[in-house]
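So you can see what is in the structure, the chains are spelled out below.
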6 protein chains.
Amino acid sequence: MSNLTHLDADGAAHMVDVGGKAVTTREAVATGRIRMSAEAATAIREGAVKKGDVLAVARVAGIMAAKKTSELIPLCHPLPLSRIAIELTVGNDSVTATATAKTDGKTGVEMEALTATSVTLLTIYDMAKAIDKAMVIEDVRLLSKTGGKSGDWHA
Amino acid sequence: MSNLTHLDADGAAHMVDVGGKAVTTREAVATGRIRMSAEAATAIREGAVKKGDVLAVARVAGIMAAKKTSELIPLCHPLPLSRIAIELTVGNDSVTATATAKTDGKTGVEMEALTATSVTLLTIYDMAKAIDKAMVIEDVRLLSKTGGKSGDWHA
Amino acid sequence: MSNLTHLDADGAAHMVDVGGKAVTTREAVATGRIRMSAEAATAIREGAVKKGDVLAVARVAGIMAAKKTSELIPLCHPLPLSRIAIELTVGNDSVTATATAKTDGKTGVEMEALTATSVTLLTIYDMAKAIDKAMVIEDVRLLSKTGGKSGDWHA
Amino acid sequence: MSNLTHLDADGAAHMVDVGGKAVTTREAVATGRIRMSAEAATAIREGAVKKGDVLAVARVAGIMAAKKTSELIPLCHPLPLSRIAIELTVGNDSVTATATAKTDGKTGVEMEALTATSVTLLTIYDMAKAIDKAMVIEDVRLLSKTGGKSGDWHA
Amino acid sequence: MSNLTHLDADGAAHMVDVGGKAVTTREAVATGRIRMSAEAATAIREGAVKKGDVLAVARVAGIMAAKKTSELIPLCHPLPLSRIAIELTVGNDSVTATATAKTDGKTGVEMEALTATSVTLLTIYDMAKAIDKAMVIEDVRLLSKTGGKSGDWHA
Amino acid sequence: MSNLTHLDADGAAHMVDVGGKAVTTREAVATGRIRMSAEAATAIREGAVKKGDVLAVARVAGIMAAKKTSELIPLCHPLPLSRIAIELTVGNDSVTATATAKTDGKTGVEMEALTATSVTLLTIYDMAKAIDKAMVIEDVRLLSKTGGKSGDWHA
């Protein structure tokens, strides 16, 4: 079971020891998309154009979710986030979210960026579901991570 | 802005009034998949085969996230979940999660099923990310909802 | 100690028994104001006018705080909120928040409306504090409550 | 939109980057008051005199709320509080709360002190509301902040 | 695996379906004890006698923990508690906590009463640990449960 | 009231100032046991043997509770846990849990280890309560703490 670092030699889950790791500046960027009908995308675009709160609600949801990551993902370490930002782009039949998370800590913030992305997209689903229940969240993935001993990574 | 029920006439976000709706039994099923390298899928399968906690951790994360849905999705109503179950299938290069949520309440549990699905998949990402950082969460969507005035819906 | 219902005969805090009370529709409205420099009020108004997220962030904070009321106020009963809405008005030297909370439950939602109001105003403080640290939150109070055996109340 | 640091150039809310700031000892003191009928103030004073839990419940609520600040205020950074204390004074027709928060961190603890003050006062409202529903929370404001690059500030 | 109701036929954890159960009034009483040195017990008794907050803090912790039970115990259903009370008795070398929880719901409140008891005792440990680190929490158990189809139970 | 460090000179609860303490590596180990009928212990052992999630659910509950310690214990400081692990042993009529918590922080992690132990055992109670309601949680205590100025301690 050596390949899954979150399981010990007996297969038991644990939160791995990061005590010996150095505190460094770490950043992660994740992205994802919710595909929807043109009608739903139009409603969101118009909601946004008319100063409605639609994108703001999704952004706030993502930011707050990033701060809850270690409560949601059982084996994640709590981390003091120093920055979180979420960019939203409304397309013709989709909304794309890109989340950037940053910390000065002992472990990376990939999960924070991915969690922010997922909850942002779920919040858009929630707000548009009266129009379209068949929306699909897709292509949620890490774009990059920097900082930390294991080195930088780019998709 | 009439199409987005979560925005009022001025575009301001609010939690819509469900006070007048009837309490009925409502169920929702959602699904999603995390695509990964064969190496990562093998590690998860072996972790599971050897009685490791890997699938259990993901399932518990999803169940607990379902109970946190109204904390995560800003305009979601709090709901007393009467059941939540998550089924996981490990494929050759992916893991599929299917979540079923149920309530006796005034509004549906789509967001609970979708949130459970997303957090289950994020937890698998977390456990396998030392092997594969390029995993992609995809095809997260509602399969069905039943109960409530708006009628049943199937994907 | 008979006057403080949250203390028993020995002065010990407890969450009072509402088990025997009827489930009825209950609503409460609360309001409050944050007084600030003209410069800060202008920044908020312009942030809002230019489609910035400033009022949306405050509104979402208040809505989410309403759902957390029983976690924050130790002797408050958990309640299934059926509606929560927050109205914001930007004046020349202040922002006024008015929160409406509604439930079908066994006890009133005054604390939910007051908590939503307070957290909305604190969030505005947070966003404008780089401009003005001397802002004052004031006049936070209940405007009305309806429903329940004790009858309606209006300020 | 340059004046509101929590909004970016496009007006989008984000949690600003404090990664480059130094870790220093920071302290903030906030205060506020709940004005009430003489009858309510007397009930609280007697509850306290007779060793009832009334002030303790309010103090604990404030302390616990300080630790939840970054969950409540969307764009607040999580901070490791090193101290939190709340002083309560019962007057003839009011209760005054003063909260002191301290951290060794990259950003100030004004919001923690203000949130602790607000929730302390809301908790007093909750305990006395059976006697007086017209209580008013007022004069909630920062008294001082020390530490950090922007220098000390006193009301 | 038929004996453990929280595991399905394949051994997978799930939150069992209580949707078909009737809403009835349910109550549970649990108790437990923390054994400590005479010195620690004296400090607590004197803290309490001199109107210190020591027992109040423990009681509030227990009450708030009861409301968090379904967040802590993964397969517990969320329940609207209608009452929670905690009684504390300081002995010569121990403190005993007894918690009563009540709901009108579809499932029992044993876990709420046991969780309240445990967190109350942990809080006492926290406050007295500078005096005595060897304190032992013991005899935490259910005293009774009433209501619900499975009938009453008494220890 | 000098003996209870969490109460000030007037007996008021506060979160003591740890700002002046050094950041050092600190570890704590706690243990506890749930005594049960042979039938319940057998069900748990078989659930575990057959790859059921029973021990994993308890372990995850304990790990997640450790991260919530400062939310549950009112005067506990928030701490960035760098490791948490829980070991479970199923005996003939009991299950024993041992939790290890670690941080690089300004204060110890005894409460994190004890909270993880307690919630792990409560979760086992929850899963086995359909078989045996008379289970007793006992002997929950600190085994050791290391690091920090006050020196090491072993039971």
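Residues numbered from 1 in each chain as written. Chains lettered and ligands numbered in written order. Predicted model: local features only at pLDDT ≥ 70, side-chain atom pairs only at ≥ 80, totals over all residues. Heavy atoms only, no water.

J.: Looking at this structure, I do not really get the pattern of salt bridges. What am I missing?
T.: A side chain with one charge may pair with a side chain of the opposite charge, provided their charged atoms come close. In the structure shown here, the tally under the stated rule is 66 salt bridges over all chains. When the shortest N-O distance is used, the salt bridge between Glu138 of chain F and Arg33 of chain F registers 3.0 Å. One end of the pair, Glu138 of chain F, is in strand S4 (residues 136-146); the other, Arg33 of chain F, is in strand S1 (residues 24-35), with 105 residues separating them in the sequence. Owing to a relative accessible area of 14%, Glu138 of chain F belongs among the buried residues under this scheme. In this structure Arg33 of chain F comes out as partly exposed when scored by relative accessible area, which is 28%. The network of salt bridges with common partners includes Lys68 and Glu71 of chain A, Lys68 and Glu71 of chain B, Lys68 and Glu71 of chain C, Lys68 and Glu71 of chain D, Lys68 and Glu71 of chain E together with Lys68 and Glu71 of chain F. (Salt bridge = Lys/Arg side-chain N within 4 Å of Asp/Glu carboxyl O. Helix = DSSP H or I, 4+ residues; strand = E, 2+ residues; numbered from the N terminus. Buried < 20%, exposed > 50% of the residue type's maximum accessible area, 1.4 Å probe, protein only.)

J.: Please clarify how the environment of Glu71 of chain C should be interpreted in this entry.
T.: Considering the arrangement of structural elements, one finds Glu71 of chain C in helix H3 (residues 69-72). Each C-alpha atom, one on Glu71 of chain C and one on Val95 of chain C, is 27 Å from the other, the two residues being 24 residues apart in sequence.

J.: Whenever I open this one, the relation of the copies chain E and chain C confuses me. Can you help?
T.: The two copies are related by a screw motion: chain E maps onto chain C through a turn of 120° and a shift of 0.0 Å along the axis, at an RMSD of 0.0 Å. Overall, the copies show the geometry of a three-fold rotation axis. When C-alpha positions in chain E are compared against the rotation axis, the closest is assigned to Pro80 of chain E, at 4.8 Å. (Least-squares fit on C-alpha atoms with pLDDT ≥ 70 in both.)

J.: Help me understand the interface of chain E and chain C, please; the structure alone is not making it clear to me.
T.: A common way to express how large an interface is: the accessible area buried when the components associate. Listed per partner, the contact involves 15 residues of chain E and 18 residues of chain C. Roughly 1,300 Å² of surface becomes buried between chain E and chain C when both sides are summed, with 56% attributable to carbon and sulfur atoms. The tally of links from chain E across to chain C stands at three salt bridges. Here Asp17 of chain C ties to Lys102 of chain E by a salt bridge, and the two come within 2.6 Å at their closest N and O atoms. (Contact = heavy atoms within 4.5 Å. Buried area = accessible area lost by both parts, 1.4 Å probe.)

J.: Would you mind going over helix H4 (residues 110-128) of chain F with me for this structure?
T.: The periodicity of an α-helix, 3.6 residues per turn, causes residues three or four positions apart to be oriented the same way. Relative to the 27 Å expected for 19 residues at 1.5 Å per residue, H4 of chain F spans 27 Å between its end C-alpha atoms, a close match to the ideal helical length. Most of H4 of chain F sits out of view: 19 of its 19 residues are buried. (Expected span 1.5 Å × (residues − 1).)

J.: Would you mind going over the environment of Ser150 of chain B with me for this structure?
T.: Residues and elements named next belong to chain B. Relative to the helices and strands, Ser150 resides in the loop between strand S4 (136-146) and strand S5 (153-154). Given the relative accessible area of 59%, Ser150 is considered exposed. For the pair Ser150 and Ala99, spaced 51 residues apart in the sequence, the C-alpha separation amounts to 21 Å.

J.: Sorry, what's going on with the pairing of strand S2 (residues 81-90) of chain D here?
T.: Looking down a regular strand, the side chains alternate between one sheet face and the other. All names here are of chain D. Here S2 runs beside strand S3 (residues 94-105); their pairing, made up of nine bridges, is antiparallel. By the bridge assignment for S3, Val90 is matched with Val95. The antiparallel pairing of S2 with S3 creates a hairpin that spans three residues between the two strands. (Pairing = 2+ DSSP bridges.)

Function cannot be inferred from these measures alone, as they are strictly geometric.
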